Amino acid sequence: MILALLGCPEPTPTDTAELPAVDTILHDSVSMPIDPLWSTDQFSPATTCAECHPTQYADWSSSMHAYAMRDMAYQAVVSLRQDEFAGAQDAFCLQCHSAIGTRGGEIYPGFSFDELSPVVMEGVTCEACHKATRLARTYNSGHVLDPDGPQRACLDGAQDDDHDVSFTSMFESSSFCAGCHEVYEVNGLPLERPYQEWQTSPAAAAGRNCQTCHMARDFDRAATDGPLRTVYRHTFQGVGLPLDEDFETPEVYAARREAVQRLLDDCVTVSLDVPGAAVPGETVDVLVSLTNEIDAHNFPTGSTFNRQAWLELVATDARGVQLYSTGDLDTNGDLRDYFSELDPYGDADLIKLSSTLIAEDGSPTFLTWHATEHQTGALPPLYTRTYTLFVPTTADTVGPLTISARVRIRGFAPFVLRAVGLDDKVDRNEIFDVDATTISVPL
Amino acid sequence: MILLLLACEPTEDTGYVPHGSVAAGISAPLGEIVPYATDDEIATFARGQTVAKHRFTRAEGLGPGFNVEFCAACHERPVTGGSAGLYRNFYLGAGRTEDGAYLPGTSAGNTSGVVREYSYGADDYARPVVPDDTTILTQRNPIPFFGVGLLAQLSDEEILSRADLLDADGDGITGRPNYDRGFVGRFGRKSQTVSIEGFIRGPLNNHVGITSDPLSDERKAELPVDSSGGSAQLLKELAPLADGLSGWAQAAAPDAPLTDSDEIADPEMSEQDLFDLVSFSMLLAAPEIEELDADGREGQTLFDQLNCGGCHTPRLQSPRGPLPVYSDLLLHDMGDDLADGIEQGEATGSEFRTHPLWGITADGPFLHDGRAHTLHDAILAHDGEARASREAYEELLPPKQELVVGFLQTLGGRDQASPGLLVPGAAVPAVGEYGGPVAGLSDAQQAVFEAGRILFDTDFGISQGVGAPRYNGDSCRACHMDPVIGGAGPRSVNVMRHGILTDDGAFVVPAVGTVLHKLSILPGNPNRAQPEANIFEPRQTPHLFGLGLIEGIPVSTILANADEADTNGDGISGKPSWTDGARLGRFGWKAQVPTVAEFVRDAMSTELGMTVPTQDRLTFGKLWDDDGVADPEAPLGTLTAIETYLRFLGPPPRQAGEDTSLGEALFETAGCADCHTPSLDGVPLYSDLLLHELLPEGAVGIEDASANMREFRTAPLWGLAKTAPYLHDGSVDSIEDAILGHDGESTASRDTFAALSADDQAALLAFLGSL
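Only a predicted model underlies this, so the values are computations on that prediction, with no experimental measurement involved.

### Observations concerning the overall build of chain B
So, step 1. In terms of regular secondary structure, chain B is built from 24 helices and 21 strands.
So, step 2. Against the compact-globule benchmark of 28 Å for 771 residues, chain B has a radius of gyration of 27 Å, which places it among compact chains.
So, step 3. Seen through its principal axes, chain B has C-alpha atoms that stretch 95 × 55 × 55 Å.
So, step 4. Counting all 771 residues of chain B, 59% fall into the buried class.
So, step 5. Of the contacts formed within chain B by residues at least 6 apart in sequence, a portion of 69% connects residues at least 24 apart.

### Some details on the overall build of chain A
So, step 1. Of regular secondary structure, chain A possesses 15 helices and 18 strands.
So, step 2. Its C-alpha radius of gyration of 24 Å places chain A within 12% of the 22 Å reference for a compact globule of 443 residues.
So, step 3. Seen along its three principal axes, the alpha-carbon backbone of chain A occupies a region of about 80 × 55 × 40 Å.
So, step 4. Across the 443 residues in chain A, those meeting the buried criterion constitute 54%.
So, step 5. Here chain A has roughly 18600 Å² of accessible surface; of this, 52% comes from carbon and sulfur atoms.
So, step 6. Treating the 27 positive side-chain charges of chain A as one cloud and the 66 negative ones as another, the clouds have centres 5 Å apart.

### Observations concerning the packing of aromatic side chains
Residues and elements named next belong to chain B.
So, step 1. Overall, the coordinates contain 26 aromatic pairs over all chains when judged by the stated rule.
So, step 2. Summarising the aromatic geometry, the rings of Phe-456 and Tyr-645 are spaced 5.1 Å apart at their centres and angled 55° between planes, so their arrangement reads as tilted. Of this pair, Phe-456 sits in helix α15 (residues 443-457) while Tyr-645 is found in helix α19 (residues 636-648), placing the two residues 189 residues apart along the sequence. Taken individually, Phe-456 and Tyr-645 each receive the classification buried, so the pair is uniform in this respect.

### What to know about the side chain of A:Asp295
So, step 1. Structurally, the position occupied by A:Asp295 is in the loop between β10 (284-292) and β11 (308-316).
So, step 2. There is a polar contact of 2.8 Å between the side chain of A:Asp295 and the side chain of A:Arg208.

### Comments concerning the sheet that holds β10(A)
All names here are of chain A.
So, step 1. Ordered by their spatial adjacency, 3 strands build an open sheet running β9-β10-β16, and the pairing between neighbours is antiparallel. The open sheet has two edge strands with one neighbour each: β9 (268-273) and β16 (384-391). If you compare each strand with its neighbour and ignore which way they point, the axes differ by 20° on average.
So, step 2. Where β10 lies against β16, 8 bridges are found, and the strand directions are antiparallel. Residue Thr-291 lies in a different strand from β16, and its bridge partner there is Thr-384.

### What to know about the sheet that holds strand β17 (residues 401-410) of chain A
Residues and elements named next belong to chain A.
So, step 1. Reading across the sheet, the 4 strands line up as β12-β11-β17-β18 and stay open at both edges, with antiparallel pairing between neighbours. Strand pairing shows two members of the sheet lacking a second neighbour, β12 (322-326) and β18 (431-441), which therefore form its edges. Neighbour to neighbour, the strand axes of the sheet diverge by 10° on average, direction disregarded.
So, step 2. Bridge count for β17 against β18 is 10 bridges, and the pairing is antiparallel. In the sheet register, Ser-404 faces β18, and the bridge partner there is Thr-438.
So, step 3. Sitting on the sheet, helix α14 (residues 250-264) touches β17 and β18, and the angle it makes with β18 is about 45°.

### Considerations on the pattern of salt bridges
So, step 1. A complete count under the given rule lists 56 salt bridges over all chains for this structure.
So, step 2. Of the charged contacts in the structure, one is a salt bridge between A:Arg193 and B:Asp631, with a shortest N-O distance of 4.0 Å. Of the two residues, A:Arg193 is situated in the loop between β6 (190-192) and α11 (194-199) and B:Asp631 in the loop between α18 (596-606) and α19; the pairing between them involves two chains. Here the two residues A:Arg193 and B:Asp631 agree in accessibility, since each one is buried.
So, step 3. In this structure, the salt-bridge partner of A:Asp295 is A:Arg208, at a minimum N-O distance of 2.8 Å. Of this pair, A:Asp295 sits in the loop between β10 and β11 while A:Arg208 sits in the loop between α12 (202-205) and α13 (210-214), placing them 87 residues apart in sequence.
So, step 4. On the basis of relative accessibility, which here comes to 31%, the residue A:Arg208 falls in the partly exposed class.
So, step 5. Members of the salt-bridge network, linked through shared partners, are A:Glu312, A:Arg406, A:Arg408 and A:Asp433.

### A few points about the interface of chain B and chain A
So, step 1. Each side of the interface is counted separately: chain B has 34 residues, and chain A has 27 residues.
So, step 2. Both faces considered, chain B and chain A share a buried interface measuring about 2500 Å² in area, 54% of it formed by carbon and sulfur atoms.
So, step 3. Across the contact surface, chain B and chain A share 3 salt bridges.
So, step 4. Remark: the boundary between chain B and chain A carries 5 residue pairs in polar contact (both at pLDDT 80 or more).
So, step 5. Broken down by secondary-structure element, the contributors of at least two residues to the side of chain B that touches chain A are β14 (507-508) and β18 (578-579) of chain B.
So, step 6. Looking at side-chain class alone, the side of chain B that touches chain A contains 17 nonpolar, 9 polar and 8 charged residues.

### Section: the packing of helix α11 (residues 294-305) of chain B against helix α14 (residues 398-408) of chain B
All names here are of chain B.
So, step 1. Contact geometry of α11 with α14 gives a least axis separation of 7 Å together with a crossing angle of 100°. For the element pair α11 / α14, the angle class is roughly perpendicular. Every residue of α14 that contacts α11 at Asp-295, Gly-296, Glu-298, Gly-299, Gln-300, Leu-302 and Phe-303 is listed here: Lys-400, Leu-403, Val-404, Phe-407 and Leu-408.
So, step 2. Residue composition of the contact of α11 with α14, grouped by class: 6 nonpolar, 3 polar and 3 charged.

### Considering the nonpolar core
All names here are of chain B.
So, step 1. The biggest cluster of nonpolar side chains holds 62 residues, and the ones touching the most others in it are Leu-151, Ile-196, Met-269, Leu-277, Val-278 and Leu-323.
So, step 2. Of all elements in the fold, only α2 (39-53), α3 (71-74), α4 (148-152), α6 (196-208) and α10 (271-283) reach the threshold of two or more residues within this core.
So, step 3. Residue contributions to this core peak at 7 residues, all from α10.
So, step 4. Setting aside chain neighbours within four positions, we find Val-278 in contact with Ile-196, Glu-197, Ile-200, Leu-215 and Leu-223.
So, step 5. One finds Val-593, Met-604, Val-612 and Leu-623 within the second-largest nonpolar core, a separate group that totals 48 residues.

### What to know about a negative patch on the surface
All names here are of chain B.
So, step 1. On the surface, a cluster of negative charge is contributed by Asp-213, Asp-217, Glu-218, Asp-266 and Glu-271.
So, step 2. By the element assignment, Asp-217 lies in helix α7 (residues 217-222).
So, step 3. On the accessibility criterion, Asp-217 (36% relative accessible area) is partly exposed.

### Focus on the environment of B:Tyr726
Residues and elements named next belong to chain B.
So, step 1. Take Tyr-726: it is sitting in the loop between β21 (711-713) and α22 (735-740).
So, step 2. Owing to a relative accessible area of 9%, Tyr-726 belongs among the buried residues under this scheme.
So, step 3. Residues Tyr-726 and Ala-488, spaced 238 residues apart in sequence, show a C-alpha to C-alpha distance of 10 Å.
So, step 4. Ignoring anything within four residues of it in the chain, the contact list for Tyr-726 reads Leu-720, Ala-721, Ser-731, Val-732, Asp-733, Ser-734, Ile-735 and Ala-738.

### A closer look at the environment of A:Val391
Residues and elements named next belong to chain A.
So, step 1. By the element assignment, Val-391 lies in strand β16.
So, step 2. In this structure the C-alpha to C-alpha distance between Val-391 and Leu-323, which are 68 residues apart in sequence, comes to 6.8 Å.
So, step 3. For Val-391, the residues in contact, after removing those within four places along its chain, are Glu-282, Thr-283, Val-284, Val-286, Ala-315, Leu-323 and Tyr-324.

### Looking at the packing of α2(B) against α10(B)
Residue and element names in this part refer to chain B.
So, step 1. Remark: α2 packs on α10, axes separated minimally by 7 Å, with the N-to-C direction vectors making an angle of 105°. With respect to α10, the axis of α2 lies roughly perpendicular. Contact residues: Glu-41, Thr-44, Phe-45, Arg-47, Gly-48, Gln-49, Val-51 and Ala-52 in α2; Gln-272, Asp-273, Phe-275, Asp-276, Leu-277, Ser-279, Phe-280 and Leu-283 in α10.
So, step 2. For the contact of α2 with α10, the class distribution of residues is 7 nonpolar, 5 polar and 4 charged.

Conventions we followed
- Residues numbered from 1 in each chain as written.
- Chains lettered and ligands numbered in written order.
- Predicted model: local features only at pLDDT ≥ 70, side-chain atom pairs only at ≥ 80, totals over all residues.
- Heavy atoms only, no water.
- Helix = DSSP H or I, 4+ residues; strand = E, 2+ residues; numbered from the N terminus.
- Rg over C-alpha atoms; globule rule 2.2 N^0.38 Å.
- Buried < 20%, exposed > 50% of the residue type's maximum accessible area, 1.4 Å probe, protein only.
- Contact = heavy atoms within 4.5 Å.
- Areas by Shrake-Rupley, 256 points an atom, 1.4 Å probe, with all protein chains shown as cover.
- Lys, Arg positive; Asp, Glu negative; His and termini not counted.
- Charge placed at Lys NZ, Arg CZ, Asp CG, Glu CD.
- Phe/Tyr/Trp six-rings, centres within 6.5 Å; stacked < 30°, edge-to-face > 60°.
- Polar contact = N/O pair within 3.5 Å; in protein donor to acceptor, adjacent residues only side chain to side chain.
- Pairing = 2+ DSSP bridges.
- Axes fitted to C-alpha atoms, helices over the stretch in contact; angles between N-to-C directions.
- Salt bridge = Lys/Arg side-chain N within 4 Å of Asp/Glu carboxyl O.
- Buried area = accessible area lost by both parts, 1.4 Å probe.
- Nonpolar A, V, L, I, M, F, W, Y, C, P; charged D, E, K, R; others polar.
- Parallel < 35°, antiparallel > 145°, perpendicular 65-115°, else oblique.
- Core = buried A, V, L, I, M, F, W, Y, C linked by side-chain atoms within 4.5 Å.
- Patch = residues over 30% accessible without salt bridge, like charges linked within 9 Å, V, L, I, M, F, W, Y side chains within 5 Å.

Structure follows, in structure tokens:
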């Protein structure tokens, strides 16, 4: 322990008695070394890069990569994990959220976010990628970083007088992204596996990779004094949005929000099939087909246990009497499933496309380290799944029936936000509609 | 070592020293009787084998809590008396008191820690709850019985001579004896038992729920291995003096009668049956080890150089001569990964008996919980005292490792080893026999049928993707075995469905799905249901004969019998089961699966826990799971081969015999045929393949696809004769009880049957028994 702490640039915690024994600290040589590989101050903060790469900086600074360490929900979950393991697993989440931090010795057991240096708080910052020399594994922070090496990138023939540059095709591969976006819990449970999904997808067969969609190409300058050419945007566009209002300006947030909606629009399509006519008093069998129109990965993908994606279906009669609903929310804003505080299991037919973590006793849990199983309802690439729902009618029901369905997604379940003390963020945790359809059934 | 070298003539292979001669007249193919048996013993052996294969019914005392209904359920591989696949694993539980004392777990009664998967008890329906104070849980794969009568004859001194409690020879290997009633233990994963009678009566109660009294002293004295020794009390007193007297050791069986809480009078097994069963076990021959060829000699030399024999002692000296046990029968610490936390006698949580290697190649999967699918994997899992040997093995080049494994395969049973239960070269049932193909297959189709049948029988391993992490079986045959491969399943492979019934009567699927699996690849996860689950419904395994014919019945033929609103007013509705995509469901208790291909996909994923590839236009089946094996785990070729086998699997044959026309007429007049339509499109399946409400008003159960809690598909009656137990939960043993178990829409027909004269009832039952 003493050896480990000697290398730390930050002050050691005062109460060392509470620290876990060295042999219980989660570690590995690539991303969670016991002894720091180097000092975090050997890395340049993004603001330095911004001097010559303002476009890339602007893209990145409003991206979820820049938000990785500032994400308050994430910080709260890290804190829960910190409490549960007395700090012994502090490096686990951090190994990706700040590759520089865990490798550079700032993430010691019992660390505190407010003690971290700026480059660590920048999360997945410029040099977390551009100083990567190789990939030791395609999951759980497999990037090998070298602060003394050149800046690496995939623009062929790049030259720079200010710093060394080296070409690497690694940046054009999905495996490079997999280095962090493929995640296994300490017990080996797969938590996120977009890379595996992509590997067997039509997109992979067609030669398209993560960067094709999530790092759009542009015709611009890589650096202020560089030539105009094809470059990559650094927005890393996904479906995440910051809960922290201070992270970016309302204008930037609005633009981001719009981009999320564009990305989500019609990436799942919903269609309804019903009998030609229904008989009052009988059940109407409604076939709901959901198709994942994405050919590169599941819908949803990534941290599907945090996100919620589900089907909402509401049936009303001609007078507006609601006959049936699933996927609607309780007044807390939660789905009416196991986790609903107001109406647990109230929605027996709930169709969730996102995933559920299951603890050893068979109960759902939202804490990844309590989970031994991971059940997903996600749709594979270009895959259609059809569900049958039964809409009851009575003799009094007045036709025609109107059946509306939509596929919805949001970043977090409200109960999780409340559980980690972010009650005031519940409203900002917006729901996006991916696709919607309505059908009428004569009675 | 020097002494050994002097005593043995080195052969042409450098370093090869034979392990020595073996007692004459002790070995035979696995499952056969010892050559030295008397004529009386041969007759006893045959009777005992029958007892081992006998399936206990509830009327005979099965349960109330149980895991299996017969001995050979777990001791079947490659033949009765052996081991079994992963699907026969069971859980062993224990806990600690606050002050640290170790207590074996209980499960629907006192079970010495065995967790029971099923119960028909009034207080403990369906799946007994694992008590919260059971905090230590592990799994056990069944253990083979071959040669146990010979091990019983070993003297305590012979075993004790290799004990090395303080590692005096400094080889890193200790070896501690376990004790049972003052004698040196030798049976069980922890050598916790000395007497074969004890090793039979205990599991018979814990796993089958069959109670027994100890054999009388007179019967003990008649056993093939002398088990005389006076009263149990006397034995206890004399135990310290009795070392080396095998008879006395064998007499040291638990002396208390066993009782249980079902309505069947204890003891549920007669003394004669118990005597025959114990005799059968004692008479099972030792595996026949092979003459070594050059490769075998090289493999044995490597085995010796790796010091495998440090625990896997090649020969133990018995009164009949040297036994090729390849075990010292002592306890060794096997390291943290194998440790199971179970304490038995002297054995700690990380200690295990050296597993005898005779016959090892035919009784996989390997290790105490069957986690290793191959001998190579089993060797690699060795740790603790065996670490040096394992590391040395790891350093060998693959061809040398294969020689070591090859040597192990010479230790008996090689010819009987099979990827499943089908013995190599066994005859394939002919057209018209149970399990035979449909008529008219071309030679090429017949070849596909036979190849698919072998895959259907093949046990898959955890390393091949079984479990995700939950599973029910490790092969298709694990459940579909009665009366032959492709058939129905006994109660012990019932699938447990479960669900959550909310306060307002809605059915909610639990987080893990409605199947509450029997097993898990996690070492200690008894698949507790989530606390909210409050409906448990066992599902008996239906047979698969004639599946392809059912698939070929036109949708219009099935729909022609549908009468959802009971417009004809006969009290019988008949609702088509629409599955996803508006396709008509035909298979499963709730007609929830539309095609044979999807039935295979669903079973592969749900029952075996193996993921499947996407197939055009087909749903069902899991595409990914969490077990660390690359998905899809079941290759497309495997799926299609099994699917084709099932399509080609012939219908169950009618039983030849007496005239059943009276019964057949009664079947019509009683209204049975209203749902059990004798024929659809020329297929004599005795079902309309429609859903009917069969449970009484207010009953709760599992919802699936179109079927509500009380609805079930009309069960096809063809094959009824050979596919007990009956009803969706396998709760009854006779056709008569099955009829009386009908309710809901079939109440009128049931009452008609009950009102028939005894002769008419018998005629109807005879007809049904002929199907």
